[in-house]
Amino acid sequence: MLDLVLRGGRVVTDSSVAVVDVGIAGGEIVALGGHLGEAATEIDCSGALVGPGFVDVHTHVREPGQEWKEDVASASRAAVAGGYTAIVAMPNTDPAIDSSPIARFVVERGSEVGLLDVVAAGAITAGRHGTRLAHLDDLWDAGVRLFTDDGDAVADAAMMRRALEYIGDRGGVLAQHAVDPSLGAGAMHEGWVSSRLGLTGIPAVAETTIVARDLLLVAETGCRYHVQHVAAAGTVELIASAKDRGLPVTAEVTPHHLTFDHTAVLGTTDPVYKMMPPLREPDDVAALRDALRAGVLDMVATDHAPHADHEKDVPFEEAPNGVTGLEWAAAAVNTATALDERSFFEAMSAAPARLVGLTDHGRYPAVGVPANLVVFDPTVTWVPSETMSRSQNSPYLGRPLTGAVRATVVDGRVVWDTGGGADAP
Amino acid sequence: MRTLLGTEDLDRSALDGLLDDAETFLEVLERPIPKVPALRGRTVATMFFEPSTRTRLSFERAAKALSADTLSFSPGTSSLSKGESLKDTVQTIAAMGADLMVVRHRAVGAPARVAEWTGLPVVNGGDGAHQHPTQALLDALTIRRARGTVEGLRIGIVGDIAHSRVARSDVFAFATLGAEVTLIAPRTLLPVDLTGWPCDVSTDLDAVLGDLDVVYLLRVQTERGGASVFPSLREYLRRFGLTRERFARLRPDTVVLHPGPMNRGVEIEAAVADDPRALVLDQVTNGVAARMAVLFQLLGGADA
Amino acid sequence: MTSRRVLDDADIRRAIRRIAHEVIERNRGADDVVILGIPTRGVPLATRLAAALSDIEGTPTPVGSIDIGLHRDDLDRRPRVALGPTYVPEPLDHKTVVLVDDVLYTGRTVRAALDALADLGRPDRVQLAVLVDRGHRELPIRPDFVGKNLPTAPGERVTVRLRDVDDDEGVWIEDDR
């Protein structure tokens with residue numbers, strides 16, 4: 001008998017989208033077809049999509065060191081509720097993930113919690129201070145494949161070039177938090193809203209100047225380069241032209257940059273709209289949506305950044321940057337872009353899994369493939385009112401979204417199940 | 001009216017109503033007993049997280065002239081320096097029985113936050129570079145009393161517009177009252193994007209000076225957060241300062257305003273500062289009356 | 001709604017004239033009398049009373065207004081009314097102030113006027129002239145000069161209209177029942 005059957009969903013394989021049942025046993029897919037037999041557990045997928053579970057290459061789990069905001073356990077719960085089967089933990093923890101013991105600690109915490117795969121990213125520079133390289137080989141041996149000083153850019157050109165050479169040699173990915181520190185000392189996007197509010201703004205060139213410079217260095221070194229949280233239309237153009245020239249460049253965009261623009265700050269100046277890079281103009285949002293549809297931006301990444309209530313419950317410019325997003329990423333992307341099924345799973349699952357070499361994840365359902373899957377209903381409308389995360393700093397709470405995760409399967413186990421079906425209330 | 005956070009949302013009739021009440025309070029302030037019992041038993045808390053003696057004293061004078069009690073908070077000697085959050089601080093003072101808070105803070109939007117956290121009527125006493133609505137009211141009152149009306153006047157606001165909450169409050173208030181406003185500043189001191197501002201812009205003071213009915217001078221600092229925004233104070237005086245020569249070119253009935261304190265020799269030459277057409281002291285007197293009008297409207301009615 | 005007029009413009013004119021004579025009689029002349037009207041309709045009535053006094057005595061009687069908006073004890077309950085003008089024509093010390101209002105009802109308006117007056121000076125005496133006294137006092141206040149006593153029920157409304165501020169002249173009792 002099968003362990004698990006996902007019954008009656010529209011299954012997105014690498015060649016088709018059709019209503020079939022998915023039969024799972026021993027942690028992998030063993031059957032795809034109409035009317036599979038009984039199983040120990042069944043999930044009603046009618047009216048929903050079944051595809052590769054989502055992979056987030058940009059999660060701040062906050063453990064070790066900032067567990068009052070989040071820890072691996074609460075981040076894992078939020079992630080599976082959002083349909084994720086794997087997340088990459090960012091290294092700006094305390095201490096930073098700049099050596100193998102910390103990397104291993106995070107991965108082991110993920111295993112202990114046992115909900116989904118937690119993978120560690122490594123810092124580029126020691127302590128993320130930007131002055132000397134971190135123990136990159138040591139991190140590589142611990143399984144780290146993506147390196148970033150996220151939270152800070154590698155602003156020094158010489159350091160960036162050296163890092164690209166080193167990481168490029170090993171075949172890893174260097175991911176850049178593209179915000180020039182000398183232009184990035186503001187509270188929100190530099191534009192008419194910041195001018196009205198009297199807030200120091202962060203111009204789009206804070207992002208594009210870093211990316212432009214980095215692309216020249218990438219051309220020289222050949223290292224795989226990934227632009228994190230793209231927020232400006234100008235960056236999209238740079239990436240498109242780099243790809244045309246055949247450079248090994250990928251890029252991610254967050255659900256919130258696809259959804260909100262800088263006018264969200266007007267009115268109440270709510271710090272729930274404060275993040276880095278900031279929300280930019282409606283034209284930028286439109287460019288990001290188009291770029292995701294066209295594949296110029298390869299994937300969605302949440303930049304899930306929990307902060308405690310007392311940290312965000314302050315005047316706007318004093319609040320730390322960041323919003324949570326794991327639970328609502330798929331819904332937000334669906335609401336903002338209405339991607340077709342294949343593009344949706346490419347962006348949410350396949351491309352991010354490829355970026356960090358997670359061969360068990362992001363794979364379209366087929367016999368023999370590990371069962372890391374999500375059941376996602378793209379038509380249901382709902383209003384998020386609570387969260388699994390330790391922190392409440394989400395701009396989606398109280399906002400209607402279209403699309404919801406019905407169930408998440410990791411390694412053949414059901415780790416999230418809302419019990420919903422097409423007829424469920 | 002529950003809060004006064006800025007002038008952008010005040011329509012013509014709200015502004016006129018506040019100015020009319022302020023005129024009444026000017027008369028009260030001239031009486032032998034310059035006090036009325038309108039807010040007796042109410043407590044006005046002045047929460048000044050950014051140092052300012054003049055504005056705080058002006059609000060306290062206004063509160064007392066309405067017979068309200070005052071609670072005065074300033075951060076120097078308080079637990080805020082021990083790391084107490086803004087939220088905890090204002091909720092503590094609210095729990096002591098404050099009926100209204102006047103809040104000045106260096107962070108944009110702080111007074112709005114305070115209103116959310118306490119549920120009290122809040123007057124913005126200045127939040128970062130965003131708004132300072134009572135300043136705009138007393139400025140409008142001063143202009144109205146000097147020239148009979150604000151409507152149709154050509155008002156030039158000169159100086160560091162980019163970092164000025166006074167400029168932002170004044171532009172909207174004056175425009176709503178029917179004035180034609182021009183911002184005059186070097187490009188480095190103008191906001192990046194003036195979309196939606198109901199005013200013109202000029203980088204040449206001499207070109208527009210002769211047409212102005214009101215010259216409004218802002219304070220200028222050449223250092224803002226460590227970054228140099230203008231070569232030197234002397235350069236500023238030469239291009240944008242109200243020198244004796246420029247003053248002589250003004251029309252005879254043109255008046256000069258300044259939010260104070262004046263940098264004599266920077267935005268205004270010392271001799272000009274003391275001319276009777278410079279209405280700075282009137283602004284101070286009008287400030288108490290304007291603030292009385294605001295406190296009265298927020299606390300003294302059925303919707304309070 | 002029912003409405004009946006109880007005083008017309010001729011009645012008002014005669015009432016003011018009579019009150020003027022009573023003021024003169026009571027104060028043995030109008031030498032030290034200052035008339036202060038309570039806005040809104042107390043002001044035109046005060047002006048007319050002062051004119052009548054001047055006419056009878058041959059010397060001008062000073063007249064002004066005293067707004068009570070800042071002294072009302074019911075600020076929380078009644079809707080906000082715009083503040084009116086306060087104008088004191090000359091120093092009040094040693095004078096006889098005659099306060100003038102259109103309708104005397106609970107007495108709270110007059111109490112507020114006495115309070116406001118206390119901050120404006122120290123007259124020797126204060127007297128009260130009203131066009132209509134409709135009863136139902138809530139405070140120990142009594143008028144010195146009354147145009148007409150009008151017993152009313154609390155649900156009724158006494159409406160005074162004067163050409164100076166309205167487009168008619170007279171006193172009506174109105175009822176919404």
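It should be emphasised that the depicted structure is a prediction, and the values quoted were computed from it without experimental measurement.

Cut-off values and rules
- Residues numbered from 1 in each chain as written.
- Chains lettered and ligands numbered in written order.
- Predicted model: local features only at pLDDT ≥ 70, side-chain atom pairs only at ≥ 80, totals over all residues.
- Heavy atoms only, no water.
- Contact = heavy atoms within 4.5 Å.
- Domains from an automatic or database assignment.
- Buried area = accessible area lost by both parts, 1.4 Å probe.
- Salt bridge = Lys/Arg side-chain N within 4 Å of Asp/Glu carboxyl O.
- Buried < 20%, exposed > 50% of the residue type's maximum accessible area, 1.4 Å probe, protein only.
- Pairing = 2+ DSSP bridges.
- Helix = DSSP H or I, 4+ residues; strand = E, 2+ residues; numbered from the N terminus.
- Axes fitted to C-alpha atoms, helices over the stretch in contact; angles between N-to-C directions.
- Polar contact = N/O pair within 3.5 Å; in protein donor to acceptor, adjacent residues only side chain to side chain.
- Nonpolar A, V, L, I, M, F, W, Y, C, P; charged D, E, K, R; others polar.
- Lys, Arg positive; Asp, Glu negative; His and termini not counted.
- Patch = residues over 30% accessible without salt bridge, like charges linked within 9 Å, V, L, I, M, F, W, Y side chains within 5 Å.
- Areas by Shrake-Rupley, 256 points an atom, 1.4 Å probe, with all protein chains shown as cover.
- Charge placed at Lys NZ, Arg CZ, Asp CG, Glu CD.
- Core = buried A, V, L, I, M, F, W, Y, C linked by side-chain atoms within 4.5 Å.
- 1 Å grid on protein atoms, 1.4 Å probe; cavity = no way out; pocket = protein on both sides within 12 Å on 5 of 7 lines; lining within 4 Å.
- Points joined across faces, edges and corners; volume = space filled by probe spheres on them.
- Expected span 1.5 Å × (residues − 1).
- Arc of directions from axis to C-beta.
- Right-handed = clockwise from strand over helix to strand, strands pointing away.
- Phe/Tyr/Trp six-rings, centres within 6.5 Å; stacked < 30°, edge-to-face > 60°.
- Lys NZ or Arg CZ within 6 Å of the ring centre and 35° of its normal.

Caption draft 1: Layout of the arrangement of the chains. Sorting the 2 pairs of chains in contact by contact count puts chains A and B at the top. When C-alpha atoms are compared, chain A and chain C, though not in contact, are closest at a spacing of 28 Å.

Caption draft 2: Summary view of the domain arrangement of chain B. All names here are of chain B. Entries for chain B in the domain assignment read domain 1 (7–128 + 284–299) and domain 2 (133–279). Distance between the C-alpha centres of domain 1 and domain 2: 26 Å. The interface of domain 1 with domain 2 comprises 28 residues on the first partner and 22 residues on the second. Carbon and sulfur atoms supply 59% of the area that domain 1 and domain 2 bury against each other, a total of about 2,200 Å² over both sides. Its largest share of buried area at the contact with domain 2, domain 1 owes to Thr7, Arg12 and Leu19, together 29% of the area lost on that side.

Caption draft 3: Representation of the pattern of salt bridges. Residues and elements named next belong to chain C. As enumerated under the stated definition, the model contains 49 salt bridges over all chains in all. For glutamate 90, the salt bridge is made with lysine 95, and the minimal N-O distance between the two is 3.5 Å. When its relative accessible area of 27% is taken as the criterion, glutamate 90 is described as partly exposed. Residue lysine 95 is classed as buried on the basis of its relative accessible area, which comes to 17%.

Caption draft 4: Looking closely at the sheet that holds strand E4 (residues 96–104) of chain C. All names here are of chain C. The strand order across the open sheet formed by 5 strands is E3-E2-E4-E5-E6, and the pairing between neighbours is parallel. The outermost strands of the open sheet, each flanked by one partner alone, are strand E3 (63–65) and strand E6 (145–149). Within the sheet, the average angular offset between the axes of one strand and its neighbour, ignoring direction, is 25 degrees. Sheet topology places strand E5 (residues 125–133) next to E6; 4 bridges connect them, and they run parallel. In the sheet register, alanine 129 faces E6, and the bridge partner there is phenylalanine 145. Across the face of the sheet, helix H1 (residues 9–26) comes into contact with strand E2 (33–37), E4, E5 and E6 while running at roughly 150 degrees to E6.

Caption draft 5: Inspection of the interface of chain A and chain B at higher detail. Contact residues are listed per partner, giving 18 residues for chain A and 21 residues for chain B. Interface area, chain A with chain B, both sides summed: about 1,600 Å², of which 49% is carbon and sulfur. Here chain A is connected to chain B by 2 salt bridges. Across the pair aspartate 313 of chain A and lysine 87 of chain B runs a salt bridge, and its minimum N-O distance is 2.6 Å. Inspection of the chain A/chain B interface yields 12 residue pairs in polar contact (both at pLDDT 80 or more). Tallied by class, the residues present in the side of chain A that touches chain B amount to 7 nonpolar, 5 polar and 6 charged.

Caption draft 6: View of the side chain of aspartate 119 of chain C. With respect to the helices, strands and loops of the structure, aspartate 119 of chain C is situated in the loop between helix H3 (108–118) and E5. Although aspartate 119 of chain C is buried, it makes no salt bridge; arginine 31 of chain B carries the closest opposite charge, 5.0 Å away.

Caption draft 7: A look at a negative patch on the surface. Among the surface-exposed residues, Asp31, Asp32, Glu57, Asp93 and Asp124 of chain C lie close enough to one another that they form a single negatively charged patch. Among the secondary structure elements, aspartate 32 of chain C is positioned in the loop between H1 and E2.

Caption draft 8: Inspection of the side chain of aspartate 98 of chain A at higher detail. Residues and elements named next belong to chain A. As for its placement among the helices and strands, aspartate 98 is situated in the loop between strand E7 (84–89) and helix H2 (100–113). No salt bridge is formed by the buried aspartate 98. Its closest oppositely charged neighbour is arginine 132, at 6.8 Å. Looking at aspartate 98, its side chain comes within polar contact range of the main-chain nitrogen of glycine 127, at 2.7 Å.

Caption draft 9: Just the pairing of strand E5 (residues 49–52) of chain A, in detail. Across 2 bridges, strand E1 (residues 2–12) of chain A lies against E5 of chain A in parallel orientation. Each bridged residue has a counterpart across the sheet, and for valine 11 of chain A the counterpart in E5 of chain A is valine 50 of chain A.

Caption draft 10: Representation of the nonpolar core in the model. One finds Phe25, Leu66, Ile157, Ile161 and Val256 of chain B to be the most contacted residues of the largest nonpolar core, which totals 89 residues. When residues of this core are assigned to their parent elements, the largest contribution, 10 residues, is made by helix H11 (residues 280–299) of chain B. Split by domain, the residues of this core number at least three in each of domain 1 (7–128 + 284–299) and domain 2 (133–279) of chain B. Each residue touching isoleucine 161 of chain B, except ones within four places of it in the same chain, is listed here: Ala167, Arg168, Leu183, Ala185, Leu189, Leu190, Pro191, Trp197 and Leu218 of chain B. Ranked by size, the runner-up nonpolar core spans 76 residues in total, among them Val12, Leu164, Val405 and Val410 of chain A.

Caption draft 11: Spatial organisation of empty space enclosed by the protein. Residue and element names in this part refer to chain C. Per the stated rule, a full pass over the model turns up 5 cavities of 30 Å³ or more. Its volume calculated, the largest cavity comes out at about 80 Å³. Along its surface, the largest cavity is lined by Ile16, Ile19, Leu45, Leu49, Val100, Asp101, Ala129, Val130 and Leu131. At the level of secondary structure, the elements contributing two or more residues to the lining of the largest cavity comprise H1, helix H2 (42–57), E4 and E5. Among the elements that line the lining of the largest cavity, the one with the most residues is E5, at 3 residues.

Caption draft 12: Molecular detail of the environment of valine 214 of chain B. Residues and elements named next belong to chain B. Along the chain, valine 214 falls in strand E8 (residues 214–217). Residue valine 214 is classed as buried on the basis of its relative accessible area of 0%. Expressed as a C-alpha distance, the spacing of valine 214 and alanine 22, which sit 192 residues apart in the sequence, is 21 Å. Ignoring any residue separated from it by four or fewer positions in sequence, one finds valine 214 in contact with Ile143, Leu153, Arg154, Ile155, Gly156, Thr254, Val255 and Leu257.

Caption draft 13: Highlighting helix H9 (residues 282–294) of chain A. Residue and element names in this part refer to chain A. With 13 residues, H9 should reach 18 Å at 1.5 Å per residue; the first-to-last C-alpha distance of 18 Å fits that figure. Among all positions of H9, only Asp284, Val285, Ala287, Leu288, Ala291 and Leu292 are buried. One side of H9 holds all its buried residues, which, seen down the axis, span an arc of 160 degrees. Exposed positions of H9 whose direction lies more than 90 degrees from the buried face are Asp283 and Ala294. The inward-facing, buried residues of H9 abut helix H7 (233–244), strand E14 (249–253), helix H8 (255–259), strand E15 (299–300), helix H11 (329–337) and helix H12 (341–355). The positive-phi residue at the C-terminal boundary of H9 is glycine 295, with phi of around 90 degrees.

Caption draft 14: The arrangement of the sheet that holds strand E6 (residues 180–184) of chain B in detail. Residues and elements named next belong to chain B. Reading across the sheet, the 5 strands line up as E7-E6-E5-E8-E11 and stay open at both edges, with parallel pairing between neighbours. Unpaired on one side and paired on the other, strand E7 (200–202) and strand E11 (255–257) mark the two borders of the sheet. On average, each strand axis in the sheet is inclined to that of its neighbour by 25 degrees, with strand direction left out of account. As judged from the 3 bridges shared by E6 and E7, these two strands associate in the parallel manner. Considered in E7, the bridge of isoleucine 184 is made with serine 202.

Caption draft 15: Broad picture of the pairing of E7 of chain A. All names here are of chain A. Counting buried positions over the 6 residues of E7 gives 6, a clear majority of the element. Where strand E6 (residues 54–59) and E7 come together, 4 bridges link them in parallel fashion. Within E7, the residue paired with phenylalanine 54 across the bridge is tyrosine 84. The parallel pair E6 and E7 is bridged by helix H1 (residues 72–81), and the resulting crossover is right-handed.

Caption draft 16: Main features of the packing of aromatic side chains. Across all of its chains, the model carries 15 aromatic pairs over all chains by this definition. Note on tryptophan 328 of chain A and tyrosine 396 of chain A: the rings are 5.9 Å apart at their centroids and 40 degrees apart in plane angle, and the pair reads as tilted. Taken together, the positions of tryptophan 328 of chain A in the loop between helix H10 (309–312) and H11 and tyrosine 396 of chain A in the loop between strand E16 (373–382) and strand E17 (401–410) put the pair 68 residues apart, joining distant regions of the chain. One aromatic cluster is present, formed by Phe54, Tyr84, Phe344, Phe345 and Phe376 of chain A through successive ring pairs. Over the aromatic face of phenylalanine 59 of chain B sits the side chain of arginine 291 of chain B, whose NZ or CZ is 4.8 Å from the ring centroid. The ring of tyrosine 105 of chain C is capped by arginine 134 of chain C, whose NZ or CZ atom sits 3.8 Å from the centre of that ring.

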